[in-house]
Amino acid sequence: MALPEPSTSGRFGEFGGRYVPETLVPACLELEAAFREAWADPGFRTELDDLLRDYAGRPSPLTECHRMSEELGVRVLLKREDLNHTGSHKINNVLGQALLARRMGKTRLVAETGAGQHGVATATAAALLGMECMVYMGEVDMGRQALNVFRMRLLGAEVVPAVSGSRTLKDAVNEAMRDWVATVENTHYCLGSVMGPHPYPWMVREFHTVIGTEARAQCAALLDGGVPDVVTACVGGGSNAIGIFSGFADTDAELVGVEPAGGAAVGRGVPGVVHGMKSYLMQDEFGQVQEAQSISAGLDYPGVGPEHSHLSAIGRARYEQVTDAEVIDAFQLLSRTEGIIPALEPAHALAWISRDRAALAGRTVLLNLSGRGDKDVGQMMEILG
Ligand SMILES: *Cc1c(COP(=O)(O)O)cnc(C)c1O
């Protein structure tokens, strides 16, 4: 059922790889070996499954949207990752990596964060397992996301401003990698999406396959053994999307990733190397990485995970773009028709369904509702007045 493993050099087709300074190669190799061994160990899997159930609240439900489906003329099913502890899919990956780090004898986690959601999830796992935690966050983002900075500190993490470059997410990734190089003896770098050098894109995907595995069984129960016609998810780095795609890669379901028009790495980028991987990347005419711009801070990443670049290149998945205005409408549509306030990120996937509803008429679409909207309500209040 699952998507295939990358090659031994960590490639999905021509994408991926391990473009890191020599000082980090041993750390990547150690991590790959440790993950491979743990993932094959039933003891580790049981420990993680127990935490996902008793702490994170899995399995997350599958919700059929009766009223919205009628309004759109498209049968929409939601995979409810918004109901996980900390409010998004991110906890799946973070619990996996934190358990792995402890098994490797590490006592400290470092992480990057943009909007703060991955930082909060990492700080949460560190608190749970009694580990030290340091989160790098662009200075600009710290100002924009003050509430999440406070949350991380409440959870016992230290939040460090990244003051180089544009002082946003890509700079925070650079700082976190620099920290890891210097502290790898006792520190694990808990990366937040299916990006970065091998083994991260593969390992993070594996920690999120639980989404697709559950959804496949839940759809089979609802659809008389069948699968949905279309499976869709928003794409920032691409972790929630690859998690749900993994459950349907071997079926004839169409896989559709949705990017913000202002951060469309697959849709508008060209192959390049950033943060240890080769992938589609938004670059200017001089090959400099461009800043992403979207209403949703969680999708403001100029690159995309290498496996998405590969799935696009081989035509197994396709990638659509939506505008901020379409996202604002979709955010209100789900709230009004189903009583579910979505995060702005998955509202992108819904915006695509809504825009293409004529083409999707009568079909069944499974949408990964990657997170809840509480964090975005203040911003929407300002926009909607
Ligand atoms: C972080 C985040 C995303 C974007 O990350 P992916 O790796 O692309 O999944 C999407 N949705 C929510 C709710 C998030 O918090």
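Look up: the structure comes first, before these words.
The present account deals with the structure reproduced in this document. (Residues numbered from 1 in each chain as written. Predicted model: local features only at pLDDT ≥ 70, side-chain atom pairs only at ≥ 80, totals over all residues. Heavy atoms only, no water.)

1. Considering the pairing of strand β14 (residues 364-369)
The criterion, for reference: Throughout, exposure labels follow a simple rule: accessible area from a 1.4 Å probe, protein chains only, divided by the maximum for the residue type, with under 20% read as buried, over 50% as exposed, and the rest as partly exposed. Secondary structure elements are taken from DSSP: a helix is a run of H or I of four residues or more, a strand is a run of E of two residues or more, and numbering for both begins at the N terminus. For two strands to be treated as a pair, DSSP must find no fewer than two bridges joining them.
Buried residues dominate β14, accounting for six of its six residues. Taken together, the six bridges between strand β4 (residues 75-80) and β14 define a ladder with parallel strand orientation. Looking across to β14, one finds that Arg-80 is bridged to Leu-369.

2. Things to note about the sheet that holds β4
Here is the rule we go by: Each axis is a line fitted through C-alpha atoms, taken for helices only over the stretch in contact, and angles between the N-to-C directions span 0 to 180 degrees. By the convention used here, residues are in contact when the closest approach between their heavy atoms is within 4.5 Å.
Overall, mixed pairing links the six strands, which are arranged β3-β4-β14-β9-β10-β13 in an open sheet. Since the sheet does not close on itself, it has two edges, and those belong to β3 (62-64) and β13 (317-322), each with one partner. Within the sheet, the average angular offset between the axes of one strand and its neighbour, ignoring direction, is 25°. Note: β3 against β4, three bridges, orientation antiparallel. Opposite Leu-62, over in β4, you have Lys-79 as the bridge partner. This element, helix α13 (residues 324-338), spans β3, β4, β13 and β14 of the sheet and lies at about 95° to β13.

3. Some words on the sheet that holds strand β8 (residues 187-189)
Taken together, the four strands give an open sheet; going across it, the order is β7-β6-β5-β8, and neighbouring strands pair in parallel fashion. Two strands in the sheet have a free side with no partner beyond their single neighbour: β7 (158-162) and β8. With direction set aside, neighbouring strand axes in the sheet form an average angle of 25°. In this sheet, β7 lies alongside strand β6 (residues 132-138) in parallel orientation, the contact comprising five bridges. For Gly-138, the partnering residue across the bridge sits in β7 and is Ala-162. Docked against the sheet, helix α8 (residues 169-183) engages β5 (108-113), β6, β7 and β8, running at close to 160° with respect to β5.

By themselves, these are just geometric observations and shouldn't be taken as functional.
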